[in-house]
Amino acid sequence: MFKKILLATDGSELSNKAIQSTLQFAKEHGSKVIGLSVATIYPYYPVYGVEGINSEFVAAIHKEAAKNVQQIALSAVSFGVDVEIHVVEGASPHEEIIKAADTYHCDAIFMASHGRKGLDKFLLGSEAQKVLVHSKLPVTIFK
């Protein structure tokens, strides 16, 4: 079915459930999983008085993304699934997810339906929805 699945995570509780479901699917179908977390660096701040992005801020975002994707690697061991993990940086998570799926020659994208809540979701929109709309690959969304 799918030889290589891109599994995107943002570290949310729902993403963690998607990790487990994806790894079970991969185990049953002999698929390799490419784990991805996007270190999202927005080029603007919607908060008055915050100007520019400092290196400590970027480092903290990368550290969190690395922690998120490491969860895929740790879980893959218990499932016995072949996994490769990556952290990419970008201002548009859905674009980075689609680009990574192409870069790593994936057959499908699996991800959670949402990770953001409240004002972030309203302002930034659903990345899963954007992946669904723009991806040429099959996309499986976990709710």
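Reference entry: report on the structure contained in this document.

Criteria and thresholds
- Residues numbered from 1 in each chain as written.
- Predicted model: local features only at pLDDT ≥ 70, side-chain atom pairs only at ≥ 80, totals over all residues.
- Heavy atoms only, no water.
- Helix = DSSP H or I, 4+ residues; strand = E, 2+ residues; numbered from the N terminus.
- Core = buried A, V, L, I, M, F, W, Y, C linked by side-chain atoms within 4.5 Å.
- Buried < 20%, exposed > 50% of the residue type's maximum accessible area, 1.4 Å probe, protein only.
- Axes fitted to C-alpha atoms, helices over the stretch in contact; angles between N-to-C directions.
- Parallel < 35°, antiparallel > 145°, perpendicular 65-115°, else oblique.
- Left-handed = near helix turned anticlockwise from the far one by under 90°.
- Contact = heavy atoms within 4.5 Å.
- Nonpolar A, V, L, I, M, F, W, Y, C, P; charged D, E, K, R; others polar.
- Pairing = 2+ DSSP bridges.

## Comments concerning unusual backbone geometry
Positive phi outside glycine occurs at histidine 105, with the angle close to 55 degrees. Tracing the sequence through the fold places histidine 105 in the loop between helix 3 (93-103) and strand 4 (108-112).

## Considerations on the nonpolar core
Formed by 19 residues in total, the largest nonpolar core has its most connected members in Phe2, Leu7, Leu23, Val33, Ile72, Val81 and Phe110. Of all the secondary structure elements, the ones that give two or more residues to this core are strand 1 (4-8), helix 1 (13-29), helix 2 (55-79) and strand 4. Element by element, the count of residues in this core is highest for helix 1, at six residues. Membership of the second largest hydrophobic core comes to 15 residues, among which are Val88, Ile109, Ala128 and Val139.

## Here's the deal with the packing of helix 1 against helix 2
One way to put it is that helix 1 packs onto helix 2 with a least axis distance of 10 Å and a crossing angle of 40 degrees. Taken together, the axes of helix 1 and helix 2 are oblique relative to one another. Like other packed secondary-structure pairs, helix 1 and helix 2 cross with a definite hand, here right-handed. Together, Asn16, Ile19, Gln20, Leu23, Gln24 and Lys27 of helix 1 and Gln71, Ile72, Ser75, Ala76 and Phe79 of helix 2 make up the contact between the two elements. Counted by class, the contact of helix 1 with helix 2 contains five nonpolar, five polar and one charged residues.

## A closer look at the sheet that holds strand 5 (residues 139-142)
Taken in spatial order, the five strands of this open sheet run 3-2-1-4-5, and their pairing is parallel. Strands at the two margins of the open sheet, each flanked by one partner only, are strand 3 (83-90) and strand 5. Strand-to-strand twist of the sheet, defined as the mean angle between neighbouring strand axes without regard to direction, takes the value 25 degrees. Bridge analysis of strand 1 against strand 4 gives three bridges, and the strand direction is parallel. From the neighbouring strand, leucine 6 faces strand 4, where its bridge partner is isoleucine 109. Sitting on the sheet, helix 2 touches strand 1, strand 2 (32-40) and strand 3, and the angle it makes with strand 3 is about 160 degrees. Relative to strand 2, helix 3 is tilted by about 150 degrees, and along the sheet it contacts strand 1, strand 2, strand 3 and strand 4.

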